[in-house]
Amino acid sequence: MTEAARGALGLKAKDFKTDQEVRWCPGCGDYAILAAVQGFMPELGIARENIVFISGIGCSSRFPYYMNTYGMHSIHGRAPAIATGLSSSRPDLSVWVVTGDGDALSIGGNHLIHALRRNVNLKILLFNNRIYGLTKGQYSPTSEVGKVTKSTPMGSLDNPFNPVSMALGAEATFVGRTLDSDRKHLTSVLRAAADHQGTALVEIYQNCNIFNDGAFDILKDSDTRDDWMIRMEHGQPLRFGADGSKAVVRAANGALAIEDGVADGDPRVVVHDAHAEDPAYPFALSRLSSLDSRYSPMGVFRSVQRPTYDAMMAAQLDQAAAKAPGDDAALDALLHGADTWTVA
Amino acid sequence: MSKSVEQLDRVVIRIAGDSGDGMQLTGDRFTAETALFGNDLSTLPNFPAEIRAPQGTLAGVSSFQLHFADHDILTPGDRPDVLVAMNPAALKANVGDLPKGATLIVDTHDFTARALGRIGWQSNPLEDGTLEGFVVHAVELTKLTLDALADTQLSRKDAGRSKNMFALGLLSWMYSRPTENTINFVRQKFASKPEIADANITAFRAGWNYGETTEAFAVQYEVKPAPQSTGTYRNISGNLALAYGLIAAARRAQLPMFLGAYPITPASDILHELSKHKRFGIRTFQAEDEIAGIGATLGAAFGGALGVTTSSGPGIALKGEAIGLAVSLELPLIICDIQRGGPSTGLPTKTEQSDLLQAMYGRNGEAPVPIVAPRSPGDCFDTAIEAARIALTYRTPVFLLSDGYLANGSEPWRIPAVADLPDLRVEYTTEPNGPNGEFLPYLRDPETLARPWAVPGTPGLEHRVGGIEKADRTGNISYDPDNHDFMVRTRQAKVDGIARSLAPLEVDDPNADARVLVLGWGSTYGPIGAACRQIRAAGASIAQVHLRHLNPFPNDLGGILARYQKVVIPEMNLGQLALLIRAKYLIDTLSVTQVRGLPFKADELAEMLQGVIEND
Ligand code: SF4
């Protein structure tokens, strides 16, 4: 869509605000995400009535109440399933899912992977704060091993999910990652996701200042962030570090590795290709990070084209109707079937 | 040779064999011939849950029972007059159900010492007197089939597979059935394998000729067509009728349909059927699990579709939370539960009515859901339309409780004219309804208490719904005690109010002098009705009422119950309707229950009811 067309609706961020009082804890990262989404929505150039936000359960899942669009606050973990039914039966709508790490990856893990593999036209915003907030502080499926919480006084035992790796394992056609506090970056990833046809999963690192404060500080503090955050731009070399001397390189054995002090023009430096068909490359990128978020690639890991579930389903209906329309005569013939007898 | 022709008014036949022997297909074909001939009929397929249970074992026996008559009948029959047993296991598993004097047609091929020993028979029942009192036709069915196909290129194994068609040919001769449609059917089914089609037709004809020429079968029977009211008929199974009812409902509502389902016995055939009819605007979604099946359906309903999800008891248990959400969102949704034996996995291929209380109460909180139940295979069509009417009018999830017996059983069905079906059109809300030009998603229709159905894409009506308690009118989140109390009572009142839209109950009490009333619901209609006829034929009086609406009960039910001295409630569970009736009307009832995975036998019910009448 052209900028002019986008602007034609004349919507502003405030048009996407509701009269409902926002009830997250003061300082919660969700506020920044809400502001960024409301600020970005006018750019979509889509009328409010054609946008739907669907969420599950958790702090983040209150999101739809604050968006002046159509919305549904559903049940724990099921938002991707509900959104699948809505999007596939109403391909004219722009359907967004808001979920959290517990909602999407624990109780709703099954629905998430199946939405991704089907490539339903959904934009899924996964607020990852690596903790259960609404139930007051238990460890989540993205918490680091050994996390001491109310339910794990001696430390958690489970290995966490890496949401990006998991999504790529399900062959998601679009996977991005961004940060609540970096509005510009967040908006750029949202924009890319919105432009994508198919399921777009955007993992948003989100600070829960009550139960897991500072989880992503190394990616936020100006002292550390350049050393640990790998900004991905399609077609650009994956260089980072305060002086740009760190890089993602392809080692002799073909694996991706981080190296410090990489000379200018070193041919081993990986040039980011978000459109690579083979999910092995973005998967390898997703494996670079440590459990405590060091070496976190941020941006769009993968964005490839594949027919959407919604479009294919609609095409099957069109094809069937083109062969023989489903009118009253057709229904009458169906009810009769092949073998009938008549009593006069 | 000339054969004599004997007239019968009714026959019950059962065909039994290995689950790989094609017994269901044989039964279906014989049923189709019988339907076309114009008999009234009722069928009872009975098969194991395993796809291919070990050959020749009792566990692997599959059977198909058909009752056909020259008059109107209600059940597949209590006891077969004729049993066709394709192997020793099929004989052993079924012989106990035969009355003395019944006819047995047994394929002798597998009656070897080894095969008999496998099922615990030390000697051959065909020779040791076990079958005394029956008319036994020991026939070399397999060998005759092989002989008939000796000239073909088929291997012995492949040729032997046609023995079911030989049996069908023999039965078709015995009961003077028309054969043309079976031959056409075989040609179509094996269109891509003409040699198999030819073999089956040859075997079928050989079976017919065998009956015609052999001396062992001296009598041919005739069951005259049953008088039926005028109209065009077809034979239909419950699941097919249910699928057609849903398609018709969507068409009459002028809405697209969305079916979200996960495969489960005995409901999957509805998914299969609906997936074939995309041209009617039907989207079928085979979900990753039961929860996604209903979740996606609810999403589609939010978007304005007629949403349907189909399952059986275990799947309904998984859907419970989402059904609660549907109650809270107040969106139309049809939940079809094709009940089977429980608890847990239970008896997947056998019938039961034990999900009534699950449908009624299987959710957290006060979550009332209307419930309807069909009484016969053909009635599944009308009940689907009624479920849609309630769902769309009252903006509520609705349970439709069918069961395995209705799903797979079949009967003649008078085909309705599309234009005569109820008009189910609804209008989405398109204008703000509030006093200040705002949209109030929970401002209700004063008559039905239904809330507006404003679908995404409608400008100016943007709103949010959810599972948290909502404020009256605005739908905003509300934790206010009075509001919650009001909303809980209002949702209940909405469902209770459906009773005002129901037609008066039909009380079948021909002389209006009965003191005992039998009350039933669902698939027990046939056996109860047949039992009542027996009792009346014997000169006693009994009244019958059969419920289609289980929640809410019709408004006139209480008054009717009060008119009778005794109320008997037969159910294929441990008394679930009886519990609801006692609780609501504070009357005693006589709960008669059976959970054998099979429908009631009319004779047994009649005997029991006779006892109640005599002790009255
Ligand atoms: S508990 Fe954490 S995630 Fe939830 S609102 Fe408070 S700060 Fe935000």
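Quick caveat: nothing in here was measured; it's all calculated off a predicted structure.

The rules we used
- Residues numbered from 1 in each chain as written.
- Chains lettered and ligands numbered in written order.
- Predicted model: local features only at pLDDT ≥ 70, side-chain atom pairs only at ≥ 80, totals over all residues.
- Heavy atoms only, no water.
- Helix = DSSP H or I, 4+ residues; strand = E, 2+ residues; numbered from the N terminus.
- Buried < 20%, exposed > 50% of the residue type's maximum accessible area, 1.4 Å probe, protein only.
- Contact = heavy atoms within 4.5 Å.
- Areas by Shrake-Rupley, 256 points an atom, 1.4 Å probe, with all protein chains shown as cover.
- Lys, Arg positive; Asp, Glu negative; His and termini not counted.
- Charge placed at Lys NZ, Arg CZ, Asp CG, Glu CD.
- Rg over C-alpha atoms; globule rule 2.2 N^0.38 Å.
- Expected span 1.5 Å × (residues − 1).
- Bend = angle between axes of the 7 residues up to and from the residue.
- Core = buried A, V, L, I, M, F, W, Y, C linked by side-chain atoms within 4.5 Å.
- Buried area = accessible area lost by both parts, 1.4 Å probe.
- Salt bridge = Lys/Arg side-chain N within 4 Å of Asp/Glu carboxyl O.
- Pairing = 2+ DSSP bridges.
- Right-handed = clockwise from strand over helix to strand, strands pointing away.
- Near = heavy atom within 4 Å.
- Nonpolar A, V, L, I, M, F, W, Y, C, P; charged D, E, K, R; others polar.
- Domains from an automatic or database assignment.
- Axes fitted to C-alpha atoms, helices over the stretch in contact; angles between N-to-C directions.
- Phe/Tyr/Trp six-rings, centres within 6.5 Å; stacked < 30°, edge-to-face > 60°.

### Observations concerning the overall build of chain A
Along chain A, the regular secondary structure elements total 11 helices and 12 strands. If one aligns the C-alpha atoms of chain A with their principal axes, the spans along those axes are about 90 × 50 × 50 Å. For chain A, with 344 residues in total, the buried portion stands at 56%. In chain A, the proportion of contacts linking residues at least 24 apart, taken out of those at least 6 apart, comes to 66%. A total accessible area of about 13900 Å² is found for chain A, and carbon and sulfur atoms account for 54% of it. Positive and negative side-chain charges of chain A, numbering 32 and 39 respectively, have mean locations separated by a distance of 3 Å.

### Side note on the overall build of chain B
When you go through chain B residue by residue, the secondary structure sums to 20 helices and 22 strands. For chain B, whose C-alpha radius of gyration is 27 Å, the value lies close to the compact-globule estimate of 25 Å for 616 residues. Projected onto its principal axes, the C-alpha positions of chain B cover 90 × 60 × 45 Å. Split into buried and exposed, the 616 residues of chain B put 61% on the buried side. Taking the contacts inside chain B whose residues are at least 6 apart along the sequence as the reference set, 76% of them involve residues at least 24 apart. With an accessible surface of roughly 23300 Å², chain B has 49% of that area assigned to carbon and sulfur atoms.

### Focus: the environment of Arg473 of chain B
Residues and elements named next belong to chain B. Assignment of secondary structure puts Arg473 in the loop between strand 17 (464–466) and helix 16 (481–496). Residue class for Arg473 comes out partly exposed when judged on its relative accessible area of 37%. Along the primary structure Arg473 and Gly434 are separated by 39 residues, whereas in three dimensions their C-alpha atoms are 8.8 Å apart. Once residues lying within four places of it in the same chain are set aside, the contact partners of Arg473 are Pro435, Leu440, Pro441, Tyr442 and Leu443.

### Notes on helix 12 (residues 313–329) of chain B
Working note: α-helix, 3.6 residues per turn, so residues spaced by three or four point in the same direction. Residues and elements named next belong to chain B. Here helix 12 contains 17 residues, and its C-alpha end-to-end distance of 23 Å stays within 8% of the 24 Å for a straight helix at 1.5 Å per residue. At Lys319, helix 12 shows its strongest bend, of approximately 55 degrees. Once helix 12 finishes, Glu330 follows within two positions and takes phi at roughly 55 degrees, a positive value.

### As for the nonpolar core
Residue and element names in this part refer to chain B. In terms of nonpolar packing, the biggest core is built from 158 residues, with Leu519, Leu547 and Leu577 touching the most fellow members. With 11 residues, the single largest contributor to this core is helix 9 (residues 238–253). Once residues within four sequence positions are removed from consideration, Leu577 is found in contact with Leu356, Leu519, Gly520, Trp521, Leu547, Leu550, Phe553, Ile569 and Glu571. Ranked by size, the runner-up nonpolar core spans 40 residues in total, among them Phe68, Leu168, Ile201 and Tyr233.

### So, the interface of chain A and chain B
By a frequent convention, interface size equals the accessible area lost on bringing the separate parts together. On the chain B side, the residues contacting the 60 residues of chain A number 67 residues. Both sides together, the interface formed by chain A and chain B hides about 5500 Å², and carbon and sulfur atoms give 61% of it. It is Tyr70, Leu335 and Trp341 of chain A in chain A that bury the most area against chain B; as a group they hold 17% of the surface buried on that side. If you look at where chain A meets chain B, you find two salt bridges. Asp328 of chain A is the partner of Arg251 of chain B in a salt bridge, and the nearest nitrogen-oxygen pair spans 2.6 Å.

### Things to note about the pairing of strand 7 (residues 135–139) of chain B
Residue and element names in this part refer to chain B. When strand 6 (residues 103–107) meets strand 7, the two strands line up parallel, connected through five bridges. Each bridged residue has a counterpart across the sheet, and for Ile105 the counterpart in strand 7 is His137. For the crossover that starts at strand 6, traverses helix 3 (residues 113–118) and ends in the parallel strand 7, the hand is right-handed.

### A short note on the site of the ligand
Looking at the ligand, the residues that line it are Trp24, Cys25, Cys28, Cys59, Asn129, Gly133, Gln206, Cys208, Asn209, Ile210 and Phe211 of chain A. Along the lines of polarity and charge, the residues of the shell around the ligand split into seven nonpolar, four polar and no charged.

### What to know about the environment of Tyr585 of chain B
Residue and element names in this part refer to chain B. Within the secondary structure layout, Tyr585 lies in helix 19 (residues 576–585). Considering only alpha carbons, one finds Tyr585 and Gly558, 27 residues apart in sequence, at a separation of 6.4 Å. In contact with Tyr585, other than residues within four places in its own chain, are Phe553, Pro554, Leu557, Gly558 and Leu561.

### Looking at the side chain of Thr84 of chain A
Here Thr84 of chain A is to be found in helix 3 (residues 79–89). Apart from the residues lying within four places of it in its own chain, the contact partners of Thr84 of chain A are Ala115, Val120 and Leu122 of chain A together with Phe285 of chain B.

### Overview of the sheet that holds strand 10 (residues 256–259) of chain A
Across the sheet, which stays open at both edges, the three strands sit in the order 8-9-10 (chain A) with antiparallel pairing between neighbours. Of all strands in the sheet, those bounded by a partner on one side alone are strand 8 (239–240) and strand 10 of chain A.

### Some thoughts on the domain arrangement of chain B
Residue and element names in this part refer to chain B. Per the domain assignment, the segments making up chain B are domain 1 (4–222), domain 2 (234–420), domain 3 (427–501) and domain 4 (516–614). Distance from the C-alpha centre of domain 3 to the C-alpha centre of domain 4: 39 Å. Opposite the five residues of domain 3 that make contact, domain 4 presents four residues. Between domain 3 and domain 4 the total buried area reaches about 330 Å² when both faces are included, carbon and sulfur atoms providing 65% of it. The largest contributions to the domain 3 side of the interface with domain 4 come from Val495, Ile498 and Ala499, which together make up 79% of the buried area. Linking domain 3 with domain 4 are zero salt bridges.

### A word on the sheet that holds strand 22 (residues 590–593) of chain B
Residue and element names in this part refer to chain B. Read from one edge to the other, the open sheet built from four strands follows the order 19-18-21-22, with strand pairing classed as parallel. Where the open sheet ends on each side, the last strands, each with one partner, are strand 19 (543–547) and strand 22. The mean inter-strand angle of the sheet, taken between neighbouring strand axes irrespective of direction, is 25 degrees. Sheet strands touched by helix 20 (residues 602–614): strand 18 (516–521), strand 21 (566–571) and strand 22. Its angle to strand 21, the strand with the most contacts, is close to 160 degrees.

### Some words on the pattern of salt bridges
If charged atoms from side chains of opposite charge come close, those side chains can pair. Residue and element names in this part refer to chain A. Enumeration according to the criterion identifies 33 salt bridges over all chains in this entry. Note that Asp180 and Lys220 form a salt bridge whose closest N and O atoms lie 2.8 Å from each other. Here Lys220 lies in the loop between strand 6 (200–205) and helix 8 (225–228) and Asp180 lies in the loop between strand 5 (174–179) and helix 7 (183–195), a separation of 40 residues in the sequence. Taken together, the salt bridges that share partners define one network made up of Arg130, Glu144 and Lys147.

### Describing helix 14 (residues 379–394) of chain B
Residues and elements named next belong to chain B. Compared with an ideal rise of 1.5 Å per residue, which puts 16 residues at 22 Å, helix 14 spans 22 Å between its outermost C-alpha atoms and is within 8% of the ideal. Most of helix 14 sits out of view: 13 of its 16 residues are buried. After helix 14 finishes, the residue Arg395 shows a positive phi value of roughly 55 degrees.

### Topic: the packing of aromatic side chains
According to the stated counting rule, one finds 22 aromatic pairs over all chains in the structure shown. The interplanar angle of 80 degrees and the centroid separation of 5.1 Å between the aromatic rings of Trp24 of chain A and Tyr66 of chain A together place this pair among those described as edge-to-face. Placement of Trp24 of chain A in the loop between helix 1 (3–8) and helix 2 (29–44) and of Tyr66 of chain A in the loop between strand 1 (51–55) and strand 2 (70–73) is noted, with a sequence separation of 42 residues between them. What makes Trp24 of chain A buried here is its relative accessible area of 6%. By relative accessible area, which is 5% here, Tyr66 of chain A ends up buried. Ring centres of Phe381 of chain B and Trp413 of chain B lie 5.0 Å apart, and the angle between their planes is 55 degrees; on these two criteria the pair is classed as tilted. Here Phe381 of chain B, found in helix 14, pairs with Trp413 of chain B, found in strand 16 (residues 410–414); they are 32 residues apart in sequence, far enough to count as distant. A single burial state applies to Phe381 of chain B and to Trp413 of chain B, both of which are buried.

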